[in-house]
Amino acid sequence: MKKRILALVSFILILTNSEAQVSLNYYLPKNTSYNPAIPTPQSILGYEVGEWHVSHDKLVQYMYALADASDRIEIEEYARSHENRPLLTLKISSLENIKNLDDLRSEHLKLSDYNQSKSLDLSNMPLVAYLGYSIHGNEASGSNAALLVAYYLAAAQGDEIEEWLKNTIILLDPSYNPDGLDRFASCVNSKKSLNLVSDPNNIEQNEPWPGSRTNHYWFDLNRDWLPVQHPESKGRIQQYHKWKPNVLTDHHEMGTNGTYFFQPGIPSRNNPLTPSKTYELTQKIANYHADALDEIGSLYYSKESFDDFYIGKGSSYPDLNGAVGILFEQASARGHAQQSANGLLTFPFAIRNHFTTSLSTLRAASQLKNELLEHQRNFYSDIPSSADKDEIKGYIFNAGQDNSKLKAFLTILDTHQVKVYHLKKKYGEFNTDNSFVIPMHQNQYRLIKGMFEQRTQFQDSLFYDVSAWTLPLAFDLNWQTIKGKSYSTSLLGEQYNTKEQLKVAALFESSSYAYAIHWEDSQSPALLYDIQKSGLRTKVSTEPWTSSNSQFFERGSVIVPIQNQNMEASKIFQILSTLSQRHQISISPLASGNAGGFQLGSPKFKTLATPKPLLLIGDGINAYEAGEVWHLLDQRIGMALPMITIDKFNNIDLSSYNTIIMVNGSYGTLTQSKLKTWVQNGGNIVTARSAGKWASEAGLSKIKYKKIAKDSTQKYLTYNSRSKTQGAQRIGGAIFKTKIDLTHPLGFGFSDDTLPMFKRGKQFMELSKNPYAQPAHYDSNPLLAGYISKESLKQIPDSPAVGLWAFGKGLIISFNDNPNFRAYWYGTNRLFLNALFFGGIIEAGSAR
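Residues numbered from 1 in each chain as written. Predicted model: local features only at pLDDT ≥ 70, side-chain atom pairs only at ≥ 80, totals over all residues. Heavy atoms only, no water.

Draft legend 1. Representation of the overall build of the chain in the model. When its secondary structure is counted, the chain shows 25 helices and 32 strands. Its C-alpha atoms give the chain a radius of gyration of 29 Å, within 12% of the compact-globule value 29 Å for 848 residues. For the chain, the spread of C-alpha atoms along the three principal axes comes to 90 × 75 × 70 Å. (Helix = DSSP H or I, 4+ residues; strand = E, 2+ residues; numbered from the N terminus. Rg over C-alpha atoms; globule rule 2.2 N^0.38 Å.)

Draft legend 2. Molecular detail of the pattern of salt bridges. The full count for this structure, using the stated rule, is 29 salt bridges. Arginine 85 is paired through a salt bridge with aspartate 179; the nearest N and O atoms lie 3.0 Å apart. Remark: aspartate 179 occurs in helix α8 (residues 178–189) and arginine 85 occurs in the loop between β2 (73–80) and β3 (86–92); sequence separation between them is 94 residues. Residue classification places aspartate 179 among the buried positions, given a relative accessible area of 1%. Taking the shortest distance from any N to any O, the salt bridge between lysine 284 and glutamate 371 comes out at 2.7 Å. Of this pair, lysine 284 sits in helix α10 (residues 276–296) while glutamate 371 sits in helix α12 (residues 369–381); the two residues are 87 residues apart in sequence, bridging distant segments of the chain. Classification of lysine 284 as partly exposed rests on a relative accessible area of 30%. (Salt bridge = Lys/Arg side-chain N within 4 Å of Asp/Glu carboxyl O. Buried < 20%, exposed > 50% of the residue type's maximum accessible area, 1.4 Å probe, protein only.)

Draft legend 3. Summary view of the packing of aromatic side chains. Considering all chains together, one arrives at 45 aromatic pairs under this definition. Centre to centre, the rings of tyrosine 152 and phenylalanine 355 are 6.1 Å apart; their planes meet at 80 degrees, and the pair counts as edge-to-face. Residue tyrosine 152 is found in helix α6 (residues 141–155), and its partner phenylalanine 355 is found in helix α11 (residues 347–367); the two are separated by 203 residues along the sequence. Accessibility assignment for this pair places tyrosine 152 and phenylalanine 355 in one class, buried. Ring geometry for tyrosine 395 versus phenylalanine 452: centroids 4.3 Å apart, planes at 25 degrees, classification stacked. Of this pair, tyrosine 395 sits in strand β12 (residues 392–398) while phenylalanine 452 sits in helix α15 (residues 445–452), and the two are 57 residues apart along the sequence. Judged on exposure class, the residue tyrosine 395 and its partner phenylalanine 452 are both buried. Cluster of aromatic residues (ring-pair linked, three or more members): Tyr395, Phe397, Phe409, Phe436, Phe452, Phe475, Trp479, Tyr496 and Tyr826. One Lys or Arg, lysine 192, reaches over the ring of tryptophan 52 and ends 3.8 Å from the middle of that ring. (Phe/Tyr/Trp six-rings, centres within 6.5 Å; stacked < 30°, edge-to-face > 60°. Lys NZ or Arg CZ within 6 Å of the ring centre and 35° of its normal.)

Draft legend 4. Seen up close, the pairing of strand β28 (residues 734–740). Most of β28 sits inside the fold, with 5 of its 7 residues counted as buried. In this sheet, strand β29 (residues 754–759) lies alongside β28 in antiparallel orientation, the contact comprising 6 bridges. Along β29, the bridge assignment pairs lysine 737 with proline 756. Strand direction decides the pairing type here: β28 and strand β30 (residues 776–785), joined by 5 bridges, are antiparallel. Counterpart to isoleucine 735 in the pairing with β30 is alanine 785. (Pairing = 2+ DSSP bridges.)

Draft legend 5. Fine view of α12. Helix length check: α12, at 13 residues, gives a terminal C-alpha distance of 18 Å against a target of 18 Å (1.5 Å per residue), a fit within 8%. Turning to α12, its buried residues number three or more, namely Lys369, Leu372, Leu373, His375, Gln376, Arg377, Phe379, Tyr380 and Ser381. (Expected span 1.5 Å × (residues − 1).)

Draft legend 6. Representation of the sheet that holds strand β22 (residues 588–590). Read from one edge of the open sheet, 5 strands run β22-β17-β21-β18-β23, paired in antiparallel fashion. Each edge of the open sheet is held by one strand with a lone partner, namely β22 and β23 (605–607). Strand-to-strand twist in this sheet, taken as the mean axis angle between neighbours without regard to direction, amounts to 30 degrees. Note that strand β17 (residues 514–517) and β22 share 3 bridges and pair antiparallel. If you follow alanine 516 over to β22, its bridge partner there is serine 588. (Axes fitted to C-alpha atoms, helices over the stretch in contact; angles between N-to-C directions.)

Draft legend 7. Structural context of the sheet that holds β2. Strand order in the open sheet made by the 7 strands is β2-β3-β6-β4-β7-β9-β8, with mixed pairing throughout. Where the open sheet ends on each side, the last strands, each with one partner, are β2 and β8 (260–262). Each neighbouring strand pair of the sheet contributes to a mean axis angle of 20 degrees, computed without reference to strand direction. In terms of strand pairing, β2 meets β3 through 7 bridges, oriented antiparallel. Bridge pairing in β3 places glutamate 77 opposite leucine 88.

Draft legend 8. Spotlight on the environment of tyrosine 217. Structurally, tyrosine 217 is set in the loop between α8 and α9 (231–243). Among the residues examined, tyrosine 217 registers a relative accessible area of 4% and is labelled buried. Separated by 412 residues in the primary sequence, tyrosine 217 and valine 629 have C-alpha atoms spaced 9.2 Å apart. When near neighbours in sequence (up to four residues on either side) are disregarded, tyrosine 217 contacts His82, His230, Gly627, Glu628, Trp630, His631, Asp634 and Gln635. Here the side chain of tyrosine 217 touches glutamine 635 through a polar contact of 2.8 Å, side chain to side chain. (Contact = heavy atoms within 4.5 Å. Polar contact = N/O pair within 3.5 Å; in protein donor to acceptor, adjacent residues only side chain to side chain.)

Draft legend 9. Molecular detail of the pairing of strand β14 (residues 436–439). Covered by surrounding structure in β14 are Phe436 and Ile438 together with Val437 and Pro439, the residues of both alternating faces. Note that β12 and β14 share 4 bridges and pair antiparallel. Counterpart to phenylalanine 397 in the pairing with β14 is phenylalanine 436. Summarising the sheet, strand β13 (residues 421–423) and β14 pair through 2 bridges and their orientation is antiparallel. Bridge pairing in β14 places tyrosine 421 opposite valine 437.

Draft legend 10. The confidence of the model for the chain, seen in detail. Per-residue pLDDT for the chain averages 94, and the proportion of residues at 70 or more is 97%. Predicted confidence for residues 1–18 stays below pLDDT 50, and this span has 5 contacts to residues more than four positions away or in other chains. (pLDDT = per-residue confidence, 0-100.)

Draft legend 11. Quick look at the side chain of serine 340. Mapped onto the fold, serine 340 is located in strand β10 (residues 337–340). From its side chain, serine 340 meets the backbone nitrogen of asparagine 342 in a polar contact 3.1 Å long. A distance of 2.7 Å separates the side chain of serine 340 from the backbone oxygen of glycine 343, its partner in a polar contact.

Draft legend 12. Representation of the packing of α10 against α11 in the model. Between α10 and α11, whose axes approach to 8 Å, the crossing angle comes to 140 degrees. Classified by the angle their axes make, α10 and α11 are oblique. Remark: the crossing between α10 and α11 carries right-handed chirality. Touching Ile285, Tyr288, His289, Ala292, Leu293 and Ile296 of α10 are Arg352, Asn353, Thr356, Thr357, Ser360, Thr361, Arg363, Ala364 and Gln367, all from α11. (Parallel < 35°, antiparallel > 145°, perpendicular 65-115°, else oblique. Left-handed = near helix turned anticlockwise from the far one by under 90°.)

Draft legend 13. Molecular detail of unusual backbone geometry. Of the consecutive residues tryptophan 209 and proline 210, the connecting peptide bond is found in the cis state with omega at 5 degrees. Residue placement: proline 210 occurs in the loop between α8 and α9. Residues glutamine 263 and proline 264 are joined by a peptide bond in cis, for which omega reads 25 degrees. Tracing the backbone through its elements, the reader meets proline 264 in the loop between β8 and α10. Of note, the phi angle at lysine 244 is positive, near 50 degrees, even though the residue is not glycine.

Pasting the structure below:
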């Protein structure tokens, strides 16, 4: 009797979980034999693929187990995430190819060098295919499919797999985003029921803020292929160029009610820098996906919804590097199962689709090998003629006195294998000291154009992501194009090497009076913060001045007096000497307070308070923008930033903070009276985007925002034109010229009054009656790069970009847009940091 009851219980458990628990045979192709010496995923994980979401450590464990068991695989750790998780590449091929990987790689790289590619024999050259998964952590079917792909490539036997391995070197990257993947696995596994709950409202299918799409700092890593601001991206791009693949896959998930998407995307939104042959090959490969999905009965579509315009995504970056990038989007269960418009969507079903298209990619790559190799060769061999026809022959740039910003920009270029040269002779206003030239005659010609162009004309008015990303504008560099006969190779000095020191902070003598620091370097705020943390009192100059030894200092320069500090002069010298070398910023000793124009004891030097910020986070607040602030202050400034949810904020003592940071989001549950009292007593609020509008509506500021009237001229429009008509009015991301007040504390450290600014969304400030309360405003002819409708563009000229309002003893500083976008906007980063460090010295009368 007891045995019969146990059997009945077992049957019920199997029945209730039958939709989600599947065997390995559910995924694998039929009529294929497998090497029994190769461990299955279940033998290492302890469960079948799809039964649980794999944690990153178990994913790594399985990949190493495969590498140990199979002579088809070499494994390499190419980077570590912010949370110190390994990022891996499995190099998979035939035994003969594995034995000769270094030679094959060296030969393959010649394809992407137009000086060497023409003489190559492609007939026996293996193709390189890069398979990458789950760059968004909560789109986990990709990384779980990677378990199966790796097993299949290691264990499958037969003529077809042998042909693939002979023709292809496969680089399998099982998790582009280890931190997000592990966060999501923990979230959904901890909420999984024995009897799977497929209700879309269930806690398992609705992860808490900030979600697991992003990396540790809440960045979308699929927007970081070009800016490369994170270790995951830096390692991946270095690995990419180490091999220069011919095909790269990027496996994602989309909304639950979708089916399965694979590229090509919307043809009218292709980036014009991408050759037409790339899209032709994408379509040829797509036919293989269609056949494979037909075989297992899965619905699919292409040429809709997604595009390849922004070149900083996983499916578009390869297109400007001689490869074919392919995006896959699988409808997401966002857990283990979820009801959808297409029936019950299970996690195993999602995994199987990604596994299937991974194999169809390899089938296509093997059969189209010669055409894909020839495409890469032609992509690069066409560059000399394209560069000859191009009016632009090169770019020249410098960063003024901002050595840290220059180094960061050069590092990005080097990561993308762009050749940069020191300027050999004076060119216009560019001197040879720290000026650089990028010639267009080089292998990365197309990518360079993509980085530097200022496109304002477009075939389509809709964009899946931003329409502009011009890197020298984001960095606020001094730069210009070199056209036609103005260019000469005589401008080129030595090629830049990232290992060289651009400028070394000089050692300095001790002083018994004071020290001074320029505010022109992007790392000056980090240096100042370290000085303040050490307990030293600091002051900032609100006017230019000249020291007793005739050294000029700009507004924003910081002084550290010796007298009335809480430590001896020798200790101060020791601290400053150490910090100067750490940040590579020079510090000048001052022997006298008798400065030119006015003395160092003048009221023009304002005492600075050490920033003690608080960042509001949580439900309703934009996690990307909160993460950008966190990353900036934590990684670049070295500041420990308290991040507090609104519900916690409503119940804490605010006396230990002097600045509250509010990014784009909803703050409806914030206790307004508490915040008002805190500001009235001297606290400052720094807002970005809609947070500023909330502060105005809450009565904290009187900064006004424009009300945009709806177009009443179009009385009747067709139903199918709605998305296109409304989408064309969006500002998805464009770059505009602003003018800043260099005499204002927010303008300290800038070398000129023109500042490019990134704008997203249709929020516009009204002009204030107080002419001093808007230290940055849009130019009368503002558009620098990107798409904006004519109607929206009319709202921008001469409107404020930053607004101020004094409230009691405190101040509201409102950025109409996001000054910290995706971490690479070094120009507007300075505005934000000035608000943090100098907000306390802004006179209230200028903001009322």
